[in-house]
Amino acid sequence: MKKTKLGALLAASAVALSLVAVAPTASAATCAKKTTVTMLGTIKIEIQDQFLAAVKAYNASQKCYTLKSIPGDRKLTFLQNVTPMYAAKNAPTIMYTLQEIPDMADKVMDWKGTKLVKLVSPGLLAAANVGGKQVGVPSTAEAFGLLYNKKVIADAGIDVSKIKTRNDLEAAFKTLQAKGKKAMHFSAIWWSLGAHFTNIFHANAGKTHEARLAVLDQLSDGKKDLSMDPVFKNWLATYDLLKKYNGSTVNLTDTEYDASIADLASGDYGFMFQGNWTEPNLMTAAPGVDFGIIPLPISTDAASYGNDSIPVGVPGYFMIDAKQSTKAERDGAVDFLTWLYTSSAGQHFVADPVTKGGMGFIPVYSGFKVQPATSMARDIAKYVGAGKTLEWINTYYPAGLQETVGKVSMQQYFTDKISAADLAKAIEAAWKGSTKTWRGAAK
C-alpha cells in the first residue's frame, strides 16, 4: 500500500485466489490441556453477532483452544482501553486496530513466516510492517464514498455513472428533491468526519503516494497553508454541498450511525456518505433492497485526479501480544485467525452476506473459495479491477488525530460554529508537531 498502487495489488490478490493452495490449520493438533485465548472486542460492532458466531463455531471445531472476546469500552479509544490492561498485567492476546499500530509495535508478535502472511500481497501488509517487523495481518478490504439506495435512485431516473463532477452530484440531489425524496444523509458522527471525510482531501492532495505523504510532512512541520490549497478548497466546497442537501437531523452522538442506516434503508433518501461496512446493517433493515457505492467527486472538472475513484484500504490489522501471553496463547491466537481465513467454515463467516450469517467481508487472502455475493461488494470489485481506487491516507494519521479533528473542528464546522478559515487553522494546529510515523520515525 505504501509504494504500489492498491488497486493493482488487490487485483493481483483476486487473480491469485485460484492459484494458491491453502495449508491446513493447526486445529487438528493435539494438546495436553485447553488454553483460553482472549481478544479485545469483536472487530466491529456492526458485525458483532456474526463474529461471535464464528468464535462459537471455532471453539466447537477443536479441543485445544477456547477463544473469548473481552468487550471494551466503546466510549474510549483503543489505547485508552488497552493501556490499563497492560499496566494490570492482563493484556488481551489478540488485538485489532489501525492508527495505533506504531504504538503497539514493541508489544506484539512478528507474524513473519506464518501461513497467513504468505497468503496476503505485500502491499496489504505494508501498513502493519514497522521497521521490518510484521506486527499485524489484515482483516479485509473496505471502501467508502457515496452509498446509495439503488431502488430510490433508479426510480428517480438517475444514472450514477454520469455523476462525474460536483455539479453533476448537485443535479442528482435536485432531481431527488423534485421527486419528493431527501437527497442526502450526511452523518456528523466524529469518526466518519475525522477519518473518512478528511481522507477524501488527503487522498486527492497528491497524485502519488510520496506527494500525499509530503502533505503530511508539511502539516507536521507547520508549513502547510490549507486555505491556499486548491484541493482543500474543492474538498471544502464538497463539504458545503453535502451540508446544504443534508436531509437528516444533525446528531453528533454515536446513535447517529443507526439513524443513518434507518434513513437510507427507508427509501426516503437517495445517498449517504459512509462505507461498505454499513451493508450488513442496510441489508438487515431493508431485506431485498440493493445498495451501491460511487465516488464522491470534489471537483467541477471530470478529469481531475480522484473524481472517478473510491478510497479502498485495510480497516484494521490483527495483532498478537508478545509481552504477557504464553506460547500456547499465541499459538491459539494464530490458530483461530488461520481457521477463520482458510477453513471452509471460517471463510463462510468471513465472506457470506449478513443475511446468511456472514460478515460480508471482501477477501484479501489468496485461496479464498467463498466469494462475496452482495451488491456493494460487487461494485467495489469493479472499481478495484479498473484501478479506480484512492489510498487510505488516514492509515497514517497519528493516534488520536482523527478524534481531535473529528470531535472538535469538523463537527464545529458541520454545525456552523466556526468558519472555513477557522477549520483550516484548526486542522493545521492538530497536525503541527506530529511525529512522522509515516516516515518510520519512532513515537
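Scoring rules and cut-offs
- Residues numbered from 1 in each chain as written.
- Predicted model: local features only at pLDDT ≥ 70, side-chain atom pairs only at ≥ 80, totals over all residues.
- Heavy atoms only, no water.
- Disulfide = S-S within 2.5 Å.
- Helix = DSSP H or I, 4+ residues; strand = E, 2+ residues; numbered from the N terminus.
- Buried < 20%, exposed > 50% of the residue type's maximum accessible area, 1.4 Å probe, protein only.
- Axes fitted to C-alpha atoms, helices over the stretch in contact; angles between N-to-C directions.
- Parallel < 35°, antiparallel > 145°, perpendicular 65-115°, else oblique.
- Left-handed = near helix turned anticlockwise from the far one by under 90°.
- Contact = heavy atoms within 4.5 Å.
- Nonpolar A, V, L, I, M, F, W, Y, C, P; charged D, E, K, R; others polar.
- Salt bridge = Lys/Arg side-chain N within 4 Å of Asp/Glu carboxyl O.
- 1 Å grid on protein atoms, 1.4 Å probe; cavity = no way out; pocket = protein on both sides within 12 Å on 5 of 7 lines; lining within 4 Å.
- Points joined across faces, edges and corners; volume = space filled by probe spheres on them.
- Polar contact = N/O pair within 3.5 Å; in protein donor to acceptor, adjacent residues only side chain to side chain.
- Phe/Tyr/Trp six-rings, centres within 6.5 Å; stacked < 30°, edge-to-face > 60°.
- Lys NZ or Arg CZ within 6 Å of the ring centre and 35° of its normal.

> Before we go on, may I ask you to explain the state of the cysteines in this structure?
Here a disulfide denotes one covalent bond, and it connects the sulfur atoms of two cysteines. Using the criterion set out here, one finds one disulfide in the structure. Bridging C31 to C64, the disulfide has an S-S length of 2.2 Å. Taking the torsion about the S-S bond as the criterion, the C31 to C64 disulfide, at about -105 degrees, is left-handed. Taken together, the residues C31 in the loop between α1 (6-16) and β1 (35-40) and C64 in the loop between α2 (48-61) and β2 (65-70) connect sequence positions 33 residues apart.

> How should I be thinking about helix α16 (residues 375-385) in this particular structure?
Side chains that are three or four residues apart share a direction in an α-helix, a result of its 3.6 residues per turn. Listed as buried for α16 are S375, M376, A377, D379, I380, Y383 and V384. The first or second residue beyond α16 is G387, which carries a positive phi of 70 degrees.

> How should the packing of α2 against helix α14 (residues 327-342) be read in this particular structure?
How two helices sit against one another is set out by the angle between their axes and by the gap between those axes. Axis separation between α2 and α14 bottoms out at 11 Å; the angle between their running directions is 110 degrees. Accordingly, the angle class assigned to the pair α2 and α14 is roughly perpendicular. Viewed along their axes, α2 and α14 form a crossing whose handedness is right-handed. Judged by residue contacts, F51, A54, V55, A57, Y58 and S61 of α2 engage G332, D335, F336, W339 and L340 from α14. Residue composition of the contact of α2 with α14, grouped by class: eight nonpolar, two polar and one charged.

> Sorry if this is basic, but what is going on with the pattern of salt bridges here?
Applying the stated criterion across every chain, the model contains 13 salt bridges. A salt bridge links K224 to D229, with the shortest nitrogen-to-oxygen separation between them at 2.6 Å. Residue classification places K224 among the buried residues on the basis of a relative accessible area of 16%. Among the salt bridges present, the one from K243 reaches D416, with a minimum N-O distance of 2.9 Å. Placement of the pair is K243 in helix α11 (residues 230-244) and D416 in the loop between α17 (401-414) and α18 (420-431), with a sequence separation of 173 residues. Judged by relative accessible area, D416 falls into the exposed class, the value being 60%. One salt-bridge network, held together by shared partners, links E210, D217 and R439.

> Would you explain the environment of D301 in this entry?
If you trace the backbone, D301 turns up in the loop between β10 (291-294) and β11 (310-313). For the pair D301 and S227, spaced 74 residues apart in sequence, the C-alpha to C-alpha distance is 20 Å. The residues contacting D301, other than those within four sequence positions of it, are T165 and N307.

> Sorry if this is basic, but what is going on with unusual backbone geometry here?
Negative phi characterises most residues that are not glycine, and trans characterises most peptide bonds. Phi is positive for K89, which is not a glycine, with a value near 60 degrees. For K89, the position within the fold is in the loop between α3 (78-87) and β3 (94-97). For D416, which is not glycine, the phi torsion reads 60 degrees and is therefore positive.

> Sorry, what's going on with the layout of surface pockets here?
Gaps left between atoms show up when a probe the size of a water molecule is rolled over them. Its boundaries defined by the atoms lining it, the largest pocket holds a volume of some 1500 Å³. Lining of the largest pocket is provided by 47 residues; of these, I43, K44, I45, R74 and W191 occupy positions nearest its centre. Looking at the lining of the largest pocket, the elements with two or more residues in it are α2, β2, α3, β3, α9 (190-204), α12 (256-266) and α17. For the lining of the largest pocket, a count of residues per class yields 21 nonpolar, 15 polar and eleven charged.

> I'm lost on the side chain of T97 in this one. Help?
Its location among the elements puts T97 in strand β3. In this structure T97 comes out as buried when scored by relative accessible area, which is 6%. Among the polar contacts listed, one links the side chain of T97 to the side chain of E100, at a separation of 2.4 Å.

> Can you help me understand the packing of aromatic side chains in this one?
Aromatic ring pairs are described here by two measures, namely the spacing of the ring centres and the angle between the planes. Considering all chains together, one arrives at 30 aromatic pairs under this definition. Geometrically, the ring pair formed by F232 and W235 is tilted, given 5.2 Å between the ring centres and 40 degrees between the ring planes. Note that F232 and W235 are positioned in helix α11 at a spacing of three residues, about one turn of the helix. Comparing F232 with W235 shows no difference in burial state: the two are buried. It is K243 that lies over the ring of Y413; its NZ or CZ is 4.1 Å from the centre. The aromatic ring of W190 is capped on one face by K407, whose charged end is 4.7 Å from the ring centroid.

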